[in-house]
Amino acid sequence: MSDKRLIVALDYSDIKDVKALISNLNPNRCMVKVGLQLYLSQRLSILDLLSNAGFDIFLDLKLHDIPNTVSKALSEIEKFNVFMTTIHLQGGKEMIEAALSSVKSTKIIGVTLLTSLNESNIQSLYASAFSDQFSRLISLANDTKIDGLVCSANELNQLHEYQGLKVVPGIRNKILNDDQKRTMTSMEAYNLGADYIVVGRPITQSENIEEAIKEYESK
Ligand code: C5P
């Protein structure tokens, strides 16, 4: 595990916004997350820019395709300085194994069930309870020895035995009245076993970024 446990989500399209934010971030104290929005707007150049600025990168593209396609995509990702990247565990055992065998240094993190899916969505998709479907994905993560998982803070309680990395978004130390519904504070998430927390707006929209970073860092 890296000692930088705070991952700042760079959810922007405009490179000027990215540059303004990272000028306030210390690459020795946090990692940065590049999601689909920033990746599609800036393409691969964003990875070189962040890497040259000294940041460890979490590239969150949530790959979900047949094993060969995911494997080829990861071989491309591995040419860049990406610390960890995401695939969907629902791609299945062969896809996860193909993903793991196509990288040497980049860590592969499996997305469990999207937090946008509720109990009734899971029931109609899989004719299964949320917790059963979640448990099956955790077994898959254990069997394949994938490097880690993305999960919501609410699921950390079910993952005490899980040995891989736990990456947790949906963190709020203050109520922001935004779209995140099931949130937890950074302290609670670290105490419940999160290895990394992903924080976007509480830092990117803060008036004092230095203070906000201090607030969300692992103490
Ligand atoms: O601004 P905020 O702190 O809500 O940003 C959280 C980041 O984590 C966003 O980039 C969002 O896409 C991501 N994320 C999430 N919930 C998930 C998975 C990812 O909020 N279940």
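Residues numbered from 1 in each chain as written. Predicted model: local features only at pLDDT ≥ 70, side-chain atom pairs only at ≥ 80, totals over all residues. Heavy atoms only, no water.

### Description of the pattern of salt bridges
Here the structure, examined in full by the defined rule, presents nine salt bridges. Residue K4 is joined to D56 by a salt bridge in which the shortest nitrogen-to-oxygen separation is 3.0 Å. Taken as a pair, K4 in the segment before β1 (6–9) and D56 in the loop between α3 (45–52) and β3 (57–63) lie far apart in primary sequence, 52 residues in all. Take K4: its relative accessible area is 11%, and that puts it in the buried class. Salt bridges sharing partners connect three or more residues here, namely R29, E210 and E217. (Salt bridge = Lys/Arg side-chain N within 4 Å of Asp/Glu carboxyl O. Helix = DSSP H or I, 4+ residues; strand = E, 2+ residues; numbered from the N terminus. Buried < 20%, exposed > 50% of the residue type's maximum accessible area, 1.4 Å probe, protein only.)

### Brief notes about helix α10 (residues 209–216)
Residues I209, A212, I213 and Y216 constitute the buried set of α10. Down the axis of α10, the buried side of the element spans an arc of 100 degrees, and every buried residue falls inside it. Next to the buried residues of α10 lie β1, α1 (15–22), α8 (186–191), β8 (196–199) and α9 (201–204). (Arc of directions from axis to C-beta. Contact = heavy atoms within 4.5 Å.)

### As for the nonpolar core
Within the largest apolar cluster, 60 residues are counted, with the highest numbers of intra-cluster contacts made by L6, L25, L50 and I87. Apart from the residues within four sequence positions on either side, L50 is in contact with L10, V18, I22, V32, V34, F55 and I57. (Core = buried A, V, L, I, M, F, W, Y, C linked by side-chain atoms within 4.5 Å.)

### Some remarks on the packing of α1 against α3
Where α1 contacts α3, the axes come no closer than 12 Å and their chain directions differ by 15 degrees. By the criterion of interaxial angle, the relationship of α1 to α3 is roughly parallel. When the axes of α1 and α3 are compared, the crossing they make is right-handed. Touching I15, V18, K19 and I22 of α1 are I46, L49 and L50, all from α3. Considering only residue class, the contact of α1 with α3 consists of six nonpolar, no polar and one charged. (Axes fitted to C-alpha atoms, helices over the stretch in contact; angles between N-to-C directions. Parallel < 35°, antiparallel > 145°, perpendicular 65-115°, else oblique. Left-handed = near helix turned anticlockwise from the far one by under 90°. Nonpolar A, V, L, I, M, F, W, Y, C, P; charged D, E, K, R; others polar.)

### Things to note about the sheet that holds strand β6 (residues 148–150)
Here eight strands make up a closed barrel; going around it, the order is β1-β2-β3-β4-β5-β6-β7-β8 and the pairing parallel. Here the strands of the sheet are splayed against their neighbours by 25 degrees on average, with no regard to which way each runs. Of the strand pairs in this sheet, β1 and β8 are connected by three bridges, and their pairing is parallel. Each residue of the ladder has a partner; that of V8, found in β8, is V199. Across the sheet, helix α4 (residues 67–77) is in contact with β3, β4 (84–88) and β5 (107–111); its angle to β3 comes to roughly 165 degrees. (Pairing = 2+ DSSP bridges.)

### Points about unusual backbone geometry
Negative phi characterises most residues that are not glycine, and trans characterises most peptide bonds. Even without being a glycine, R43 presents a positive backbone phi close to 55 degrees. Summarising the element assignment, R43 is placed in the loop between α2 (36–42) and α3. The class of R43 is exposed, set by a relative accessible area of 54%. With a phi angle near 55 degrees, K145 is a residue other than glycine that sits in the positive phi range. Its location among the elements puts K145 in the loop between α7 (130–144) and β6. For K145, a relative accessible area of 65% puts it in the exposed group.

The analysis is restricted to geometry; functional conclusions fall outside its scope.
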